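Coordinate analysis (summary)
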Amino acid sequence: MLPAPSVAAKSFVLLDANSDQIIASQDPDLRVEPASLVKLMTAYVVFDAIRDKKLDLNQSVNVSVNAWKIDPTSSKMFIEPNKPVTVNNLLYGLITVSGNDAAVALAEAVAGTEDAFVVLMNRQAERMGLKATRFSNSHGLPSSENYSSARDFSQLCYRLISDFPEFYKVYYSAKKFTYNNITQPNRNRLLWLDPTVDGMKTGHTSSAGFSLITSAKRPIPGGERRLISVVIGTTSDQVRTQENQKLLNWGFQNFDAVKLYSKGQAIDNSDVWKGSQGKVKVGFTHDVYVTVPRGSADKIKPVLARNDPLIAPIAQNSKVGTLKITLEGNVITELPVVALEQINQAGILGRAWDSLRLMFK
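A brief structural summary. These numbers come from a predicted model, not from an experiment. (Residues numbered from 1 in each chain as written. Predicted model: local features only at pLDDT ≥ 70, side-chain atom pairs only at ≥ 80, totals over all residues. Heavy atoms only, no water.)

When its volume is computed, the largest pocket comes out at roughly 450 Å³. Surrounding the largest pocket, 19 residues form its lining, Ile161, Pro165, Tyr168, Lys217 and Arg226 being those nearest its centre. Put simply, the parts of the chain that give the lining of the largest pocket at least two residues each are α6 (150–163), α7 (165–171), β7 (197–205) and β9 (223–234). Here the residues of the lining of the largest pocket sort into 8 nonpolar, 4 polar and 7 charged. By volume, the second largest pocket is sized at about 320 Å³. What lines the second largest pocket is a set of 15 residues, and nearest its centre among them are Asn18, Tyr158, His286, Asp287 and Val288. Here the residues of the lining of the second largest pocket sort into 7 nonpolar, 6 polar and 2 charged. (1 Å grid on protein atoms, 1.4 Å probe; cavity = no way out; pocket = protein on both sides within 12 Å on 5 of 7 lines; lining within 4 Å. Points joined across faces, edges and corners; volume = space filled by probe spheres on them. Helix = DSSP H or I, 4+ residues; strand = E, 2+ residues; numbered from the N terminus. Nonpolar A, V, L, I, M, F, W, Y, C, P; charged D, E, K, R; others polar.)

Another point: the packing of aromatic side chains. For the structure shown, the criterion picks out 11 aromatic pairs. Here the aromatic rings of tryptophan 250 and phenylalanine 255 are separated by 5.2 Å at their centres, their planes lie at 65°, and the arrangement is edge-to-face. When sorted by exposure, tryptophan 250 lands in the same class as phenylalanine 255, which is buried. Feature note: the residues Tyr44, Phe47, Tyr92, Phe164, Phe167, Tyr171 and Phe177 constitute an aromatic cluster, connected by ring pairs. Cation over ring: arginine 31 sits above tyrosine 147, and NZ or CZ is 3.6 Å from the ring centre. (Phe/Tyr/Trp six-rings, centres within 6.5 Å; stacked < 30°, edge-to-face > 60°. Buried < 20%, exposed > 50% of the residue type's maximum accessible area, 1.4 Å probe, protein only. Lys NZ or Arg CZ within 6 Å of the ring centre and 35° of its normal.)

On to the pairing of strand β2 (residues 21–26). Sheet topology places strand β1 (residues 11–16) next to β2; 5 bridges connect them, and they run antiparallel. Within the sheet, the bridge partner assigned to valine 13 lies in β2 and is serine 25. Count of turn residues in the β1/β2 antiparallel hairpin: 4 residues, of which aspartate 20 carries a positive phi of about 55°. (Pairing = 2+ DSSP bridges.)

Each strand in a sheet pairs with its neighbour through backbone hydrogen bonds, running either in the same direction (parallel) or in the opposite one (antiparallel). Read from one edge of the open sheet, 6 strands run β14-β16-β17-β12-β11-β15, paired in mixed fashion. Bordering the open sheet on either side are β14 (300–306) and β15 (310–311), each of which pairs with just one other strand. Here 2 bridges tie strand β11 (residues 268–273) to β15, and the two strands are oriented parallel to one another. When the bridges of β15 are listed, valine 272 appears paired with leucine 310.

What follows deals with the pattern of salt bridges. Overall, the coordinates contain 16 salt bridges when judged by the stated rule. When the shortest N-O distance is used, the salt bridge between aspartate 287 and lysine 259 registers 3.5 Å. Here lysine 259 lies in strand β10 (residues 255–261) and aspartate 287 lies in the loop between β12 (279–283) and β13 (288–293), a separation of 28 residues in the sequence. The class for aspartate 287 is partly exposed, based on a relative accessible area of 34%. For lysine 259, a relative accessible area of 42% puts it in the partly exposed group. When the shortest N-O distance is used, the salt bridge between arginine 306 and aspartate 268 registers 3.2 Å. In this pair, arginine 306 is assigned in strand β14 and aspartate 268 in strand β11, connecting sequence segments 38 residues apart. Residue arginine 306 is classed as partly exposed on the basis of its relative accessible area, which comes to 34%. According to the relative accessible area criterion, aspartate 268 is partly exposed, its value standing at 23%. Salt bridges sharing partners connect three or more residues here, namely Arg189, Asp237 and Arg240. (Salt bridge = Lys/Arg side-chain N within 4 Å of Asp/Glu carboxyl O.)

It is the contact of helix α4 (residues 100–111) with helix α5 (residues 114–127), at a shortest axis distance of 8 Å, that shows an interaxial angle of 80°. On the basis of the axis angle, α4 is roughly perpendicular to α5. Residues Val104, Ala107, Glu108, Val110 and Ala111 of α4 pack against Glu114, Ala116, Phe117 and Leu120 of α5. Tallied by class, residues from the contact of α4 with α5 come to 7 nonpolar, no polar and 2 charged. (Axes fitted to C-alpha atoms, helices over the stretch in contact; angles between N-to-C directions. Parallel < 35°, antiparallel > 145°, perpendicular 65-115°, else oblique. Contact = heavy atoms within 4.5 Å.)

By themselves these figures say nothing about function.
Printed below as a string of structure tokens:
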């Protein structure tokens, strides 16, 4: 792989969202104070509640004193007690203007209390496999129990965009938001500077420094390519902006996302033992891309390692092997391969015959 560019930050990750591959990083697992990047998980849990119909965008929420009185020197959308506000407006307040008051109001709307909501945040982090992440509040104001890493945030952003594309499109690209007759801009300056950037999140406290996650989508032959840039702990708003722009441009200019297989495409017809049929089609439940340095696509070599012997019954979408993708002898990614169809057990005679055959295999 190409050497990563020099980035003036504590840590960074550049992720290709087409392939879910990290193409550059610096101290990706360093434990960092996330500041307002915490609100990415707050939004994810709220989106999940809306999808499960536990919450509605047009639903009005009563504002608690707890939400209203949050640190007055921190970023707020300026909600007030006894003045109900819709979930939709709270999401703009959370995402566009990074309102800490909006974070608490949404947490209480979903789970009753902020503490109960934090349990949901940590449960979701565990489900996503975010091993370096722990949350203690919904907004990211300093706490020793709020921590994460650039790698974990790249995965969280990847999941947020892929699991909730419509919500991402609506809320994360908004450049300003007006509530209570107060208009505030989105602090992600790349929304103005780079037309291919369509969102993500800023974070800042005096102890955490200036952090910024951006995502950009640019056209490629036959589709679009998305990169996610996570830059943690820079010295200023200007530096976090320029370092994100540098990473995005470097990733788009120096790497290609190559489509190897389509969703549902059979990459092998594998032998099955003790089954109602002797072969099973295997492949992927999604399009498969691999990210490689520009001009090296012809050197990609996929190698299938099956979990042999494959013995029926085999459930559709169950893992039956691993595809290792190599470039010039180096493994660049490994992907689980699944059965594209269900294979039932054979009758008793068929199973007995295959048991004998397996003994001499």
